[in-house]
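Chains, contacts and geometry: an overview
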Amino acid sequence: MDRILRAHGLGHSYGRTRALDGVDLEVGRGECVALLGPNGAGKTTLVNLVIGLLRVQQGRVLVAGGDPRQATTRRHLGVMQQSMDFPPTLKVAELVTGAAVRGGKKRSAAGPVLAQLDLTELSGRRAARLSGGQKQRLQLAMALVNKPDLLVLDEPTAGFDPEVRRQFWQLIRALADGGTTILLTTHYLDEAEALADRVTVLSGGTVVAQGPPATLGGRRRGTAMVRWSGTTGTEERETDTPARLIGELFAIEGELPGLTVTRPSLEDTYLELIGQGA
Ligand SMILES: Nc1ncnc2c1ncn2[C@@H]1O[C@H](COP(=O)(O)OP(=O)(O)OP(=O)(O)O)[C@@H](O)[C@H]1O
């Protein structure tokens, strides 16, 4: 697969704080990859290395084959950061046009992107006065106008109400389905599940799990817990094949009062992975 992002062996410290330690991350063309992890896991540090805001201390990062600290490589990136204040006088269309011109595109590139993100009617509005959800769409328009090879979204829905979050998910999903390559960070497991083809879970600066959302945690997710009331109290067994185990138990016990079968949810698995499980 054509890799748009290749990061290998990344380590990063702020003074004595080890923020990243030996992190590998790859994103293939057309993939949507989520970086999931609790506060302080190292997500923003990793993103800042990918977008060239931080200098690499240890390891290597290549975006579209180039060093993200170089202006020529940054042209391949579209970035939406956690918060952005817009200058008080600038209007929506001016900001998107400005972003196009800075990226070496024609001014006319702005129109289709404004339409795509449902911003055409807001073109003449001052950006600073938009609602949170509208500002977020504007930031996305500014990131997309240069048709980036990699779109980077750092906690794109932090602080939004559920409806705005869901609308934004639809937008991102449509972009992903249209072939845009996306790297996003999130605290929210449901967001990673809704959007990402692949999830990388960071905790304490290292990758603790990687894979499609449904397979997070590997085999543990498939493991079921079978419980029943035995003569000496509650009995429990872990198994990958609960139907077979129950059949065997019935054959021995004759009956299994209070029988329950539970599987860990993705949420349980995630909390366990980041060391906050029960
Ligand atoms: N500029 C900085 N100076 C010192 N320490 C920092 C700096 N930036 C981050 N850190 C520390 O590095 C670690 C990783 O932080 P980072 O912001 O990358 O995590 P994060 O996963 O993005 O967290 P959050 O979800 O809270 O944004 C944390 O311990 C944090 O306190």
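Residues numbered from 1 in each chain as written. Predicted model: local features only at pLDDT ≥ 70, side-chain atom pairs only at ≥ 80, totals over all residues. Heavy atoms only, no water.

Quick look at the overall build of the chain
Summing up its helical and strand segments, the chain has nine helices and 12 strands in all. Taking the principal axes of its C-alpha atoms as reference, the chain extends roughly 75 × 45 × 35 Å. Excluding contacts between residues fewer than 6 apart, the proportion of contacts in the chain whose partners are at least 24 apart in sequence is 64%. Surface exposure of the chain reaches about 14,100 Å², of which carbon and sulfur atoms provide 48%. The centroid of the 33 positive side-chain charges in the chain is displaced by 12 Å from the centroid of its 30 negative side-chain charges. (Helix = DSSP H or I, 4+ residues; strand = E, 2+ residues; numbered from the N terminus. Contact = heavy atoms within 4.5 Å. Areas by Shrake-Rupley, 256 points an atom, 1.4 Å probe, with all protein chains shown as cover. Lys, Arg positive; Asp, Glu negative; His and termini not counted. Charge placed at Lys NZ, Arg CZ, Asp CG, Glu CD.)

Thoughts on the nonpolar core
By size, the foremost hydrophobic cluster in this structure holds 47 residues, and its most contacted members are Leu 138, Leu 140 and Ile 182. When residues are assigned to domains, this core turns out to be shared by domain 1 (3–212) and domain 2 (219–276), each giving three or more. With residues near it in sequence (within four places) discarded, Leu 138 still touches Phe 86, Val 92, Leu 95, Val 96, Leu 119, Ala 127 and Leu 130. (Core = buried A, V, L, I, M, F, W, Y, C linked by side-chain atoms within 4.5 Å. Buried < 20%, exposed > 50% of the residue type's maximum accessible area, 1.4 Å probe, protein only. Domains from an automatic or database assignment.)

Brief notes about the sheet that holds strand β12 (residues 260–262)
Strand order in this open sheet of three strands is β11-β10-β12, and the pairing throughout is antiparallel. Each of the sheet's edge strands pairs with one partner strand only, and the pair in question is β11 (233–239) and β12. In this sheet, neighbouring strand axes are inclined to one another by 20° on average, regardless of whether the strands run parallel or antiparallel. Strand direction decides the pairing type here: strand β10 (residues 224–230) and β12, joined by three bridges, are antiparallel. Bridge assignment links Val 226 to a residue of β12, and that residue is Val 261. (Pairing = 2+ DSSP bridges. Axes fitted to C-alpha atoms, helices over the stretch in contact; angles between N-to-C directions.)

Some words on the packing of aromatic side chains
Given two aromatic rings, their pairing is described by the distance between the two centres and the angle made by the two planes. Counted by the stated rule, this structure contains zero aromatic pairs. Above the face of the Tyr 188 ring, Arg 165 is positioned so that its terminal group lies 4.1 Å from the ring centre. (Phe/Tyr/Trp six-rings, centres within 6.5 Å; stacked < 30°, edge-to-face > 60°. Lys NZ or Arg CZ within 6 Å of the ring centre and 35° of its normal.)

Some words on the layout of surface pockets
Within this model, the largest pocket holds a volume of roughly 560 Å³. The wall of the largest pocket is formed by 18 residues, among which Leu 77, Gly 78, Val 79, Arg 102 and Met 142 lie closest to the centre. Counting residues per element, the ones that place at least two in the lining of the largest pocket are β5 (77–80), α3 (92–102) and α5 (132–144). Split by residue class, the lining of the largest pocket holds nine nonpolar, six polar and three charged. It is helix α4 (residues 110–116) that provides the largest number of residues to the lining of the second largest pocket, a total of three residues. Taken together, the residues of the lining of the second largest pocket sort by class into seven nonpolar, four polar and four charged. (1 Å grid on protein atoms, 1.4 Å probe; cavity = no way out; pocket = protein on both sides within 12 Å on 5 of 7 lines; lining within 4 Å. Points joined across faces, edges and corners; volume = space filled by probe spheres on them. Nonpolar A, V, L, I, M, F, W, Y, C, P; charged D, E, K, R; others polar.)

Here we look at the site of the ligand
Around the ligand sit 13 residues in total, of which Asn 39, Lys 43, Thr 44, Thr 45 and His 187 are the nearest. A distance of 2.7 Å is found between an oxygen atom of the ligand and a side-chain nitrogen or oxygen belonging to Asn 39. Between the ligand and Thr 44 there is a distance of 2.7 Å, counted from an oxygen atom to a side-chain nitrogen or oxygen. The fraction of the free accessible surface of the ligand (630 Å²) that becomes covered by protein chains is 61%. Sorting elements by how many residues they give to the shell around the ligand places helix α1 (residues 43–50) first, with three residues. A class-by-class count of the residues in the shell around the ligand yields four nonpolar, seven polar and two charged. (Near = heavy atom within 4 Å. Polar contact = N/O pair within 3.5 Å; in protein donor to acceptor, adjacent residues only side chain to side chain.)

Brief notes about the domain arrangement of the chain
Here the domain parsing of the chain yields domain 1 (3–212) and domain 2 (219–276). Centre-to-centre separation of domain 1 and domain 2, based on C-alpha positions: 41 Å. Contacts between the two partners involve 11 residues from domain 1 and, on the opposite side, six residues from domain 2. For the pair domain 1 and domain 2, the summed buried surface comes to about 660 Å²; carbon and sulfur atoms form 75% of the total. (Buried area = accessible area lost by both parts, 1.4 Å probe.)

Quick notes on a nonpolar patch on the surface
On the surface, a nonpolar cluster with roughly 230 Å² of combined accessible area is contributed by Phe 250, Leu 259 and Val 261. Along the chain, Phe 250 falls in helix α8 (residues 242–253). Classification of Phe 250 by relative accessible area gives partly exposed; the value is 40%. (Patch = residues over 30% accessible without salt bridge, like charges linked within 9 Å, V, L, I, M, F, W, Y side chains within 5 Å. Salt bridge = Lys/Arg side-chain N within 4 Å of Asp/Glu carboxyl O.)

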